[in-house]
Every structure is written in C-alpha cells, then in structure tokens.
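So you can see what is in the structure, the chains are spelled out below.
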2 protein chains.
Amino acid sequence: MRTYKELDTFQEWASDEKDQFTLSVMKGLILDAVRKANSGHSGGPLSSADFACILFKDYLNFDPDNDQWFNRDRFVLSAGHESMLQYALLHFIGWMPMEEIQKFRKLHSHTPGHPEVEIKGVEATTGPLGQGVCMGTGMAVAETIVREMFKKHSDQADELLGHFTYILCSDGDLQEPVSLGAAALAGHWGLSKLIMFYDSNEAQISGKTGRSDSTNVAAVFEAMQWQVIEIDGHDHSAIRDAIEKGQVMDKPTLIIGNTTMAKGSATMEGDHETHGAPLPQDEIDATKNKLGLPPEAFYVPDECISHFRERFSDLAELVHGWSENLASAKNDSEFNSLWNLAVEDNLPKFIYPEFEAGNSIATRKAFGFTLDKFAEQLPHLVGGSADLEPSNYTGNFAKTYGDFLKDNPSGRNFAFGVREFPMAALMNGMTLHGGIIPFGGTFLVFADYSRPALRLGAIQNARTIHEFTHDSFFVGEDGPTHQPIEHAMALRVIPNFKVFRPADAKETAVCFELAVRETEAPSAMLLTRQGVPVLDFDMSEVRNGVAKGGYIVMDCEGNPELVFIATGSEVSLAMETAGNMNDKNIRVVSLPCWELFFEQDKAYRDSVIPERGCMKISMEAGTTLGWEKFIGPAGLAIGIDHFGASAPNKDLAEAFGFTSKHVEQKIRDHLEKLL
Amino acid sequence: MRTYKELDTFQEWASDEKDQFTLSVMKGLILDAVRKANSGHSGGPLSSADFACILFKDYLNFDPDNDQWFNRDRFVLSAGHESMLQYALLHFIGWMPMEEIQKFRKLHSHTPGHPEVEIKGVEATTGPLGQGVCMGTGMAVAETIVREMFKKHSDQADELLGHFTYILCSDGDLQEPVSLGAAALAGHWGLSKLIMFYDSNEAQISGKTGRSDSTNVAAVFEAMQWQVIEIDGHDHSAIRDAIEKGQVMDKPTLIIGNTTMAKGSATMEGDHETHGAPLPQDEIDATKNKLGLPPEAFYVPDECISHFRERFSDLAELVHGWSENLASAKNDSEFNSLWNLAVEDNLPKFIYPEFEAGNSIATRKAFGFTLDKFAEQLPHLVGGSADLEPSNYTGNFAKTYGDFLKDNPSGRNFAFGVREFPMAALMNGMTLHGGIIPFGGTFLVFADYSRPALRLGAIQNARTIHEFTHDSFFVGEDGPTHQPIEHAMALRVIPNFKVFRPADAKETAVCFELAVRETEAPSAMLLTRQGVPVLDFDMSEVRNGVAKGGYIVMDCEGNPELVFIATGSEVSLAMETAGNMNDKNIRVVSLPCWELFFEQDKAYRDSVIPERGCMKISMEAGTTLGWEKFIGPAGLAIGIDHFGASAPNKDLAEAFGFTSKHVEQKIRDHLEKLL
C-alpha cells in the first residue's frame, strides 16, 4: 500500500494505487470533518466511498465550470446522512471550499447535516429516508420525457438530452416503503438510465439490519423488473463493471454493494455505533496510520485533487461539443421555442377555458377542463393520478397524451397506481430535474399519505402541483375515512407551501395558473366533488382577486356589520346566506389562498377584511382551529371539528349545519349571545 | 346449476350446490344494496366473494352470540371499498339486520361506505388502502404476544389464545407501499397465523393494473419470507386447500387469487367500470337470471341462511369449551391477575420514576426512564422504535425485554427498521386486537410519514402511544429536514387525537401515564432532544395540572399583566424570561395538552388563562398559526414560521430568537408598539 511518505513519486504510481490513496484522503477528510463538527455520520460514508469515488471520478458527466449544465448526469444521495461523503466529493471537484468543510454542520455554512439543494453540486435535499430514491426516479422520468419531447424537433435529442441518474441509497432507504413504490414504477416504466447503488452495510442506528429484516432485496427488485447486480462494494473493478452493465441495460439497475460499515477504520469496521457519531480521535489517528495518511487534519494533497480531475479536460470537451450541438439544434425555431418554454421556463400568457356564470360545476371538473386547456399550451405539463383518474378528472388528459410507459416514453400521463407518496416524491424529482412541470392527483384525505414529500418539496422550493379533489365531508357516502376535516389547515401550516381552495370553476382556472407560475413553492389545489355555482365575475376580476389571495365577492353599502370569510364550496353558501339576511349589512370575502393574502400589504388586507368595526364569520367545511387569526375572539368560526359520516352529501350538509338556514341560525344565535 | 325454482329440494342439493347458490344470493344482495344506495362498489365484492364466503362459512372461528369473544379469529377487509361484501356476510351471521343493508351508505345506518370498527363484527375501520394489511398484521402480532405472555401461567395458552388473522386485500392495497413494509415485518417475524387473500382481479378505478404495474407480487412476498399460494380465486376447493395450507405453515401465507372483476355478472365480467359504481338495473336483472336468482330485490331465503350457519353448533361448542378452560386457567392467581390487567384493562395505580428538581434531563430521556418503570408494572406494554432506538431511549427496554422475533415470540420490543408508517398502522391493529398496549418511537418530523395511521387510529378510538422525540429546531445539526416546525399544530388539528408536549421530566412521566389511561384516543408525546430543567413541583401537583391540560407553573401577586403560555422546552424559557422581567406582573402557564385543557370547564380555563385584563404571549418552538386561539388579536405569538437550519442548537436558539434575552426584547417591543 502506498502512503503519503511516497507522495513525491505519485506520478509513477499505478492507477489503482492513485485511486486507493485518493479514496483514503477522502476518508480522512470525512472523519476529520465529522470529528470537528462533533456530530454527524462516519460509518456510512466510509462504506459507500468506494462506489461514490469511482462514480464521480470516472463516470459522472458534469461541467466542472457550471454545476447547472442542463444535460449533466444527476446524482442523488438518498442516504442524506452520508452528507460529508458528498461534500468531500464536491471539494475534489472544486465546488466546495475547505473552509466550508471545516464548518460542517455549523450555522450559515454550505455544509449542513444533510445535503440541501441550494448547495452547488447537490441535486436534491435528502435525509428523510426513501425520498431520495423517489426523487432520483423522478429525475430519470424527467430525463426520458424531456428527451422524447425534443426528439420531434432534433435528430440529436438523444445526445443533447440523454444522461444517467445515479442514486446512492442505504439499508434504511430500502426499508422505508415509499422507495419500493418508486422502484415498482421505475421497473414498470423501464427507466433504463437509472442506476442505483445500494450500500448494503447491514448496520443501522439500532444495530444490525437483521434485527428488522430478512428480506431478499435482490429478489424484490428483480420481481419489480430491475436488473440486479450484486457485488463486493469495495471491489473497484466490480463497481466499474456494474456501472457499465447498468449503462447499457434496458431496465433500471440496482447494484447491491455488500460493504463493511466504517470500511478502512483501524478497529471499528462493521461497528454500527459508527453510524451516527464521530469516531474517537485515537481511532481516527490509528485509521489515518492504517490508510497511509499523515496525522494532520483536513489533509488533501494537490496530487489527489489532480488525479481526481483527470477527466476534466474530456468533460470540458464534452460540454463544448454539446453547446455547439445545442446552438445548431436551436436553428430549428420550434426546437428553440420549446427550449425557451420548457427549459428556460418562459411561460406564455395563458388561455383559460370558458365557464358560464350560474352553471353548477364541481371544481374538480373545472380542474379537468383547465388541465386540458393548459396542456395544449404547455407541452411540458405532465402528470397523472394515483388511481383516481375518473374522480380527479384527468382521464381526458390521459387519453389525449397517453400513458408514460416503457414502450411509450413520450406519454405525458402517469398511471401511478394507488401510490400517493411515491407520486408526490417523484414529482419533486421531476421538478428538480427541470424541463417539465408535474402535477399529481388524489383525494385530499390522502394528502396525509404524501405529506412527507409535500414538506420536502416546500423545503426545496420545488414547483409541484398537487390536485386534491373530494375536499370536505361533501364527499358523502364514502364516509369518514375519505372525508378530509383537518387537511386544509394541516397543509396551511407547512412553511412555503401554497394552499388554494377555489370557490368556483373560474377561481379554479386561475389557481391552476398561479400554481404553474409559482416557481418557488409547491401548490395544492383543494377541489370539490360536488357541483358549485360559477360566480358572475369576468376572468380578469377573478384573476386580480385570486392573485391577492382574497377579495370581496359580494358587498354592501357602507361599512359592513358582518364580514363572511369563506373558501371553496362555502363561498357560495356564504353568498346565499348573505342574500337571505337582508336586515344586515354584509360583505362576503372569498379567500382561496391564505399565503398569497398574507403577502399583500396591510392596507389591502384591511380593505378586504377590516380589523375593527365588524363581526367576522369564517365558513369552511373543515377544522376551525386557525381561523381565529381572522375572526378574533368575538368572531364566529363555522366549520367542523369532528370526523364525518357516510351519507349522501345533502344529508350531511343538514346534519353538520352547512345549509344557509343553519348557518344563518348560528350567526343569529351568536349575535344574540354577544348582546 | 341450481336455481331458486328448485329451492324446495334444497336439502337434497350437493354441498357445493348449496354453497354456490348461497354465494349467488349474497351477490344479489350486494348488487341490490349498491344499486339502492346509488353509489358504492360492485365489481370488487363479486370477485372476492368466493373466498370470503368460504372463509366465513367454513373456517372463521367466532362466537355467534358474542362478537367480542376474545379468542375469535380476526378478519380484516383491507379492501374497505368492498364493504357490502362484509355487510352481506354479517347479515348471514345474524349480526346485520336487513333494514341496515337497505340503508347502505345512508346517514345513521350501520352500513357506511367503508367498514367502521363500531359495527358489530367489523374488526377495523378500513378504506385508506394498505392500512388494513398493516392492521391485520398488527393483530397477528398481538395474538402471538398475548399467547406467549399467558404461556408462563397456563399450559393451555395455545388453545385459549391461539387464533388466526385473515386479511382480504386488493390490487390497490398491495400497490400502497405501506403494505410492503408490513409484509416485510410479517415475514421477518414469521407470523404463522396470518393468512392474507389477495383478490387479484387486475381491475382498478383507472383501468387495468397493467397500466401501473409489472410487479411479480408472488416473488416479492416470497422474498419477504411468506408462503405464497397462487390459485384460481373462484375455485372453491383450491380456496379450501390454500386456507388449510396457510393454517399449518410456519410463515405468513399469501393466497393470490386470480379472479375476475364483477364475477358472475351477466355481461360485465372483467370490466373495471364496475369498480366504483352500481351496476345498471338491467345488468342486475340479467345477472340474477344468470345466477338462478329471482328478480326480487334483497332476496335471502332462509335455506341459505341455515346453510351458512351449518357450523354454528360446532362454534357454540368451541366457545363453551373455551370458557370452561378459561375459568379453569383463572384458578391460577397470576393468570387471573394478568387477565384482569391485560385483557380486562384494569390498570393499577402507577409508580413513577424519580426526578430531581433542577437537574437537566431531556424529556426523551425521561420517557426512557418512565418506559422502564412502567414496563415493570405493565407486562403487556410493548413497543419499539423505527430504527432510532438510542435516540428514542428505548434501548434499555429492548435489552430488558428482547426483540419480538420468529424465534423469540415473547419479546416485547419491536425493531421496526426505518418504517414509521407501518409501525403506526401495525400499532392500530395491536390495539384493536386487545391484550397489549403498544408504543412506537421516531422523530417528530417523521410523524408526517405515519400520519395516515395516526388519523385512522383517531377515527377508531384506538389507544396507541406515539413517542415523537427531537421535537423542534433544537434538534440542531441534522438541519431543516429533521427539524419539526409545523408538526405540533398539524397533529393538534386531527380530531380525537391527544398531543402532549411536556415541559420537563415529571410532566413527561405524567403524560405517559395519561396516554396509557386514554383508552379512547391515540396520544402523541412530543419530546426534546436537548436537556431541560426538572421543575420544582411534587408529582401530585404535576399530575393534577397535566391532567387538566394546562396549569400555572409560576405566578405573581394579584392579577397578572402578562400571561406566558408555553409548552415543552419553552416552559423553562418562559419561566427564565419571567424571572428576568421583575418590573412586570407575570404568570407562566404550562399547557402540555390543548385537548385536555379544552375538556375543562370555562371557570377553570379562565382561572389559568384569563380571558381579559392581561396580555397573553405564547411560546412554542413551532408554527404560530393556531395560537391566536389563546392570545387574541393583541397578544404575541413567539414561534417559528419558517424551516430551520443545520447548526448546534444553542446557535439556532440565538438565530431564531429563543433565548430569554431575545424573548424579553420581543415582548418589550410588542408592548411598546401597542402603547
């Protein structure tokens, strides 16, 4: 084994000696950084390092001068706790300064405990296990669709827009069920450019994986139509072979790397206690000695950096050739405008479907009409339903644009199956990849299933559009398990997440547009199962009002005594109730998006919902907790704070007090009580 | 084929002719009920009916006179949308009156759209797919543990407490990833008395399963250590064989029944559009004709009822023998007291661990101490962690009581692996079974993963105890993906769900006790990673205060000018801040459980948090939305409404304003602004 003492002869070393020493230097860097942070993960990065190092050094295509090069290979560290491994690799690339490595896990550093997408070279924020597997899968989907989309306008699309997506995952990632949902879809869709390395080190925070598992992972993935290659995860030539086999297979590839936790450490190899902690300093010292490293901390000799960057001139050439090809492809004006739209995200002015005032249209149905209309204008709008196609009104879209399938990679519809969480997590990956705008549909009550991905989308400022239909107890006969009560409010508390609950078909179209234009946050659209009347406004009024989050839809002469603040299906209920209460001066406000409303200045907000001088009454077929924000202590919140029941929705409206008669009575009782 | 016209010779029919006709009658009943409801599912119940009918008629052990007989076999209809199939079976048993069948999906009926556990003969509320698979698995776990627990005191425990758990699941159930997590655990644990029938009819709401799947389900389950038997799901003798093979295998058994959607219908066999809708009346008429049924609706001849109940006298005998054996086993006083405690749920007065005031103890650590103490007093307290054993402080429990494993079925600890959602959903099944009290631990941020099961626990009034540690940005270095912000509030909006956020070690012990005693709702305990000072109260004071949800922990002379309302780690922050602000009359309230506080009368609530005459300031390291309920429009909510960051927690406390200095400044600024 070569040691640092022989470094002056580095140029004469055999290639694998250079690789091994560079790998050892990287391991030393990882151990030092975790030690200095006094927290973090040591064992996992060391068991994964062989694969990651070879991948980055010899296979991953990227532009050393531009981390955002569109056709780069994507790499997702699903095992986000192995962040220091990724930061070490980024240091070797030249994107991560040593000062940042030394500030690992410190405030305002670029080296947080888990990788964050804002960091140069990090493709996805990971840490919550399983979701990196999904996001990587979503990126491979996006790669396929974007490539196919441009094929119509360029013979070179395969080279211009063909890249691999690599995922590095851990035992925990594959225990987390969501990853199996993504794997089933990846296999079904035959994502041939997806290569996942499973660092099977068998050590978890609580001990050996054998405590929790006897699953034959290889057999599971084969059953899900993956190519599975099992290797010694520390054998470099086996790693190379496996990657190369993955690159040419017409299926996704799982490389199971049988590895040793904390590989290379002096005395702690295989010890699961190295999982979530720094190694003791004397172990680090002994490890460095064993690996042929000097005792100094953060040792990274230039020789290793140069060796790691051996391929950089080839990469520069690759990128240069690509740029020339792109420029030439752009001579095709249709290619050029598609590029401008899909890749550069320059959105057009949208044409809405037309809705006639007075008609009764479920907002889920209005979503379907709008989807059909927008899909014509946005060829990169893709999406589907978690097996609720007729209920989500995405059936026409599916029929028009076809299912995305192994044999139909240009399909724009995803038949996700009953897989809400994989759907949402894949959508995050699609958005992060870029070039497409994804939507996914299910019932609002099942937003609970996808919630971890909704949050991870919000953290990553990812534009994803979540269509949640059947948005209240008005679901009716399906009963309490299918009737959302707390969901609207539970979504509103997620930071950087836009919740839209449109009052009618027109608001639905506008909300959909706003969701498409919201490039820095996910959006949820909460839509009715039941018909609601189309309001009598022209679209520009609706557009203005909805864009501000809330606006007056019905007003009185002079100052209002009562202000009804409603969302979704309760807006028409509020208007009907107001119409019946002629003895009162009443204003009705539609508040389709709280988040947008709070982005307005106080003057606007007060002009819609006065702070003082009136009684405020909220109406939403959901939990009342949270509405105190608007109505204050003297106000009245009309909602529902218990689970629903199975019955036709009209009977439920009676039983739960959501008729104008009941609402009026509640308001009059409340006023009486205050007198 | 026999028809209703030959019914007068029913006694002379061959046994399988009787079975077939009874099955047809059941199908007619299902179609009529769905038709009358004018909504619901027709196709699935018909494809599953062969299996279900044979199971109930010939294999399922139950007491016809007592649906709550403790040692009954459990049956979970994971495909909850096939509810009418279950109601039809219950009608044949005699537990579901025809009037109720005719009120299918109507308000106040006992025949809601999806089965609800309150209904006689229904073991679990199902509908949200995948979770029935988990709950059935949890029941099989509970059966095993309860049986093993009593073995120490009775040679007959195998007969007294040994029963099968049957699950009926659909394509969608197995697409839903959570079911694969449960399957992996069931296989690992070798749950030999678990038998699942998979109605593989390949038709979903959106079309053929082939649109979304190419998974080889048999291979997946075999890889997860199940016995897999694939049969024609309409072949009665194959069904019988498979059930019998399942009963004797030392693994869980999956019976894959290849079936035809809407089997038996006149012209719509295999049509996925029969999934979520009534069949047209003329199709029903033709189907009845085809099946040999008369045209009349809700036709159920006594002959079929009698035939279905053929085994009832045997069952009565079985139950009688069981009761005698139980009475005899109860002669052992230890058996008797364990029965009294675990099965009859007569809980003792609890002994708490001791905590010294002034010490700094993380509440997660206090949970661990309390767990160890309670586990001694409650031999039926079982649980574990989703691979965060050292972080959740459940390691000592695991060491003391051993992992539940195939070779150690009396283990009380579950090494769930990284499977939060399966963990929570299994816990629901364990609770529904009875005889054990389950807890499960993970980080609070991962409550999002288990959320669908938290809700389904709340709907079912299921006592489950969810330990959520690392309950705020004070998690520190792990960064925003691991730092809950919105989670406390997002849990509080779930109806019938108790959220506890204890201020110190003593409150933690009391919250744990209250969670154990709360037999009608799930509880979540939100616990700190970081140390917090043990408050200087004696346990009876803490017990009284916490049981009321909120109480005064620090008070001033006379009426308070400022009332600080805090939870968890912010209680000591509030007290420190109050101590520093000598110029103000300040009261500090600890509010560990909102839900319990709102159960108190207004007089008590006002005596703790006065409605008027003081400024109210909430302090919680989480989202502020919702706190308006307490503080009113003039109050101040100190919280955090954005994602966290990776850094040592002390640095975050500075950055996010959670030091007494910052808090005091915010309060003084707010007071100034109001002047």
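Residues numbered from 1 in each chain as written. Chains lettered and ligands numbered in written order. Predicted model: local features only at pLDDT ≥ 70, side-chain atom pairs only at ≥ 80, totals over all residues. Heavy atoms only, no water.

## Some thoughts on the interface of chain B and chain A
Across the contact, 99 residues belong to chain B and 99 residues belong to chain A. In this assembly, chain B packs against chain A so that about 7900 Å² is buried in total across both faces, 59% of it on carbon and sulfur atoms. Sorting the residues of chain B by area buried against chain A places Arg211, Tyr449 and Arg455 of chain B first, and these three jointly supply 10% of that buried surface. Put simply, chain B and chain A have 14 salt bridges between them. (Contact = heavy atoms within 4.5 Å. Buried area = accessible area lost by both parts, 1.4 Å probe. Salt bridge = Lys/Arg side-chain N within 4 Å of Asp/Glu carboxyl O.)

## Remarks on the pairing of strand 17 (residues 562-566) of chain A
Residue and element names in this part refer to chain A. Counting buried residues in strand 17 gives five out of five residues, a clear majority hidden from the surface. In strand 17, alternate side chains face the same way, and those of Leu562, Phe564 and Ala566 on one face and Val563 and Ile565 on the other are all buried. The pairing of strand 17 with strand 18 (residues 586-590) spans five bridges and is classified as parallel. The partner of isoleucine 565 across the bridge, within strand 18, is valine 589. (Buried < 20%, exposed > 50% of the residue type's maximum accessible area, 1.4 Å probe, protein only. Helix = DSSP H or I, 4+ residues; strand = E, 2+ residues; numbered from the N terminus. Pairing = 2+ DSSP bridges.)

## Let's talk about the relation of the copies chain B and chain A
With an RMSD of 0.0 Å, the operation that places chain B on chain A is a rotation of 180° combined with a shift of 0.0 Å along the axis. In symmetry terms, the pair is related by a two-fold rotation axis. When the interface residues of chain B are mapped onto chain A, 100% of them again fall at the interface, so both copies present the same face. (Least-squares fit on C-alpha atoms with pLDDT ≥ 70 in both.)

## Brief notes about a negative patch on the surface
On the surface, a cluster of negative charge is contributed by Asp232, Asp235, Asp241 and Glu244 of chain A. Of note, aspartate 232 of chain A is situated in strand 6 (residues 227-232). (Patch = residues over 30% accessible without salt bridge, like charges linked within 9 Å, V, L, I, M, F, W, Y side chains within 5 Å. Areas by Shrake-Rupley, 256 points an atom, 1.4 Å probe, with all protein chains shown as cover. Lys, Arg positive; Asp, Glu negative; His and termini not counted. Charge placed at Lys NZ, Arg CZ, Asp CG, Glu CD.)

## Regarding the side chain of histidine 487 of chain A
Mapped onto the elements, histidine 487 of chain A comes out in helix 20 (residues 487-492). Owing to a relative accessible area of 2%, histidine 487 of chain A belongs among the buried residues under this scheme. Separated by 3.5 Å, the side chain of histidine 487 of chain A and the backbone nitrogen of isoleucine 485 of chain A make a polar contact. Leave out the neighbours within four places in its chain, and histidine 487 of chain A touches Leu444, Val445 and Asp448 of chain A together with Arg455 of chain B. (Polar contact = N/O pair within 3.5 Å; in protein donor to acceptor, adjacent residues only side chain to side chain.)

## Concerning the pattern of salt bridges
Pairing is possible between side chains that carry opposite charge, provided their charged atoms lie close to one another. All names here are of chain A. Tallied over the full model, the rule gives 74 salt bridges over all chains. Put simply, aspartate 58 and lysine 57 hold a salt bridge, and the shortest N to O gap is 2.9 Å. Judged by its relative accessible area of 6%, lysine 57 falls in the buried class. The partner of glutamate 148 in a salt bridge is lysine 151, and the shortest N-O contact between them spans 3.1 Å. Here lysine 151 and glutamate 148 lie together in helix 5 (residues 131-151), a separation of three residues that amounts to about one turn. Of the residues examined, glutamate 148 reaches a relative accessible area of 14% and is grouped as buried. Taken together, the shared-partner salt bridges connect Asp19, Lys57, Asp58, Arg240 and Glu310 into one network.

## Some thoughts on the confidence of the model for chain A
For chain A, per-residue confidence averages 97 on the pLDDT scale, and residues scoring 70 or more make up 100% of the total. In the predicted assembly, ipTM is 0.98 and pTM is 0.98. (pLDDT = per-residue confidence, 0-100.)

## Looking at the nonpolar core
Grouped together as the largest cluster of nonpolar side chains are 167 residues, with contacts concentrated most on Phe564, Phe658 and Ile667 of chain A together with Phe564, Phe658 and Ile667 of chain B. Setting aside its immediate chain neighbours within four residues, phenylalanine 564 of chain A contacts Ala574, Thr577, Ala578, Met581, Ile586, Arg587, Val588, Val589, Ile617, Met619 and Ile667 of chain A. In terms of nonpolar packing, the next biggest core, distinct from the first, is built from 162 residues, Leu161 of chain A together with Ala184, Leu426 and Ile494 of chain B among them. (Core = buried A, V, L, I, M, F, W, Y, C linked by side-chain atoms within 4.5 Å.)

## Quick notes on the sheet that holds strand 3 (residues 194-200) of chain B
All names here are of chain B. Spatial ordering of the open sheet is given by 1-2-3-7-6, a layout of five strands whose pairing is parallel. Strands with a single pairing partner mark the edges of an open sheet, and in this sheet they are strand 1 (74-77) and strand 6 (227-232). Adjacent strand axes in the sheet meet at a mean angle of 15° when their direction is disregarded. Where strand 2 (residues 165-170) lies against strand 3, six bridges are found, and the strand directions are parallel. Residue pairing across strands places serine 170 opposite aspartate 199, the latter belonging to strand 3. (Axes fitted to C-alpha atoms, helices over the stretch in contact; angles between N-to-C directions.)

## Points about unusual backbone geometry
The residue glutamine 225 of chain A is not glycine, and still its phi comes out positive at about 75°. Glutamine 225 of chain A gets classed as partly exposed once you look at its relative accessible area, which sits at 26%.

## With respect to the packing of aromatic side chains
In this structure the tally under the stated criterion is 88 aromatic pairs over all chains. Look at phenylalanine 397 of chain A and phenylalanine 439 of chain A: their rings are 5.3 Å apart centre to centre, the planes differ by 75°, and that puts the pair in the edge-to-face class. With phenylalanine 397 of chain A in helix 17 (residues 395-401) and phenylalanine 439 of chain A in strand 11 (residues 437-443), this residue pair connects regions lying 42 residues apart in the sequence. An angle of 75° between the planes, with centres 6.5 Å apart, marks the rings of tyrosine 4 of chain B and tyrosine 299 of chain B as edge-to-face. Taken together, the residues span a long stretch of sequence, with tyrosine 4 of chain B in the segment before helix 1 (15-37) and tyrosine 299 of chain B in the loop between helix 11 (281-291) and helix 12 (302-308) at a distance of 295 residues. (Phe/Tyr/Trp six-rings, centres within 6.5 Å; stacked < 30°, edge-to-face > 60°.)

## Concerning the pairing of strand 9 (residues 381-385) of chain A
Residue and element names in this part refer to chain A. The element strand 9 is largely enclosed, with a buried count of five among its five residues. Alternating positions in strand 9 separate into two faces, Leu381, Gly383 and Ser385 on one and Val382 and Gly384 on the other, with burial throughout. In terms of strand pairing, strand 9 meets strand 11 through five bridges, oriented parallel. By the bridge assignment, glycine 384 is partnered in strand 11 with glycine 440.

## Remarks on helix 3 (residues 83-93) of chain A
Residues and elements named next belong to chain A. Counting buried residues along helix 3, 11 of its 11 residues qualify, which places the element largely inside the surrounding structure. For helix 3, every residue scored as buried is listed here: Ser83, Met84, Leu85, Gln86, Tyr87, Ala88, Leu89, Leu90, His91, Phe92 and Ile93. Glycine 94 lies just past helix 3 and shows a positive phi near 110°.

## Re the environment of glutamate 99 of chain A
Residues and elements named next belong to chain A. Within the secondary structure, glutamate 99 sits in helix 4 (residues 98-101). You can call glutamate 99 exposed: its relative accessible area is 52%. Separated by 11 residues in the primary sequence, glutamate 99 and histidine 110 place their C-alpha atoms 9.5 Å from one another.

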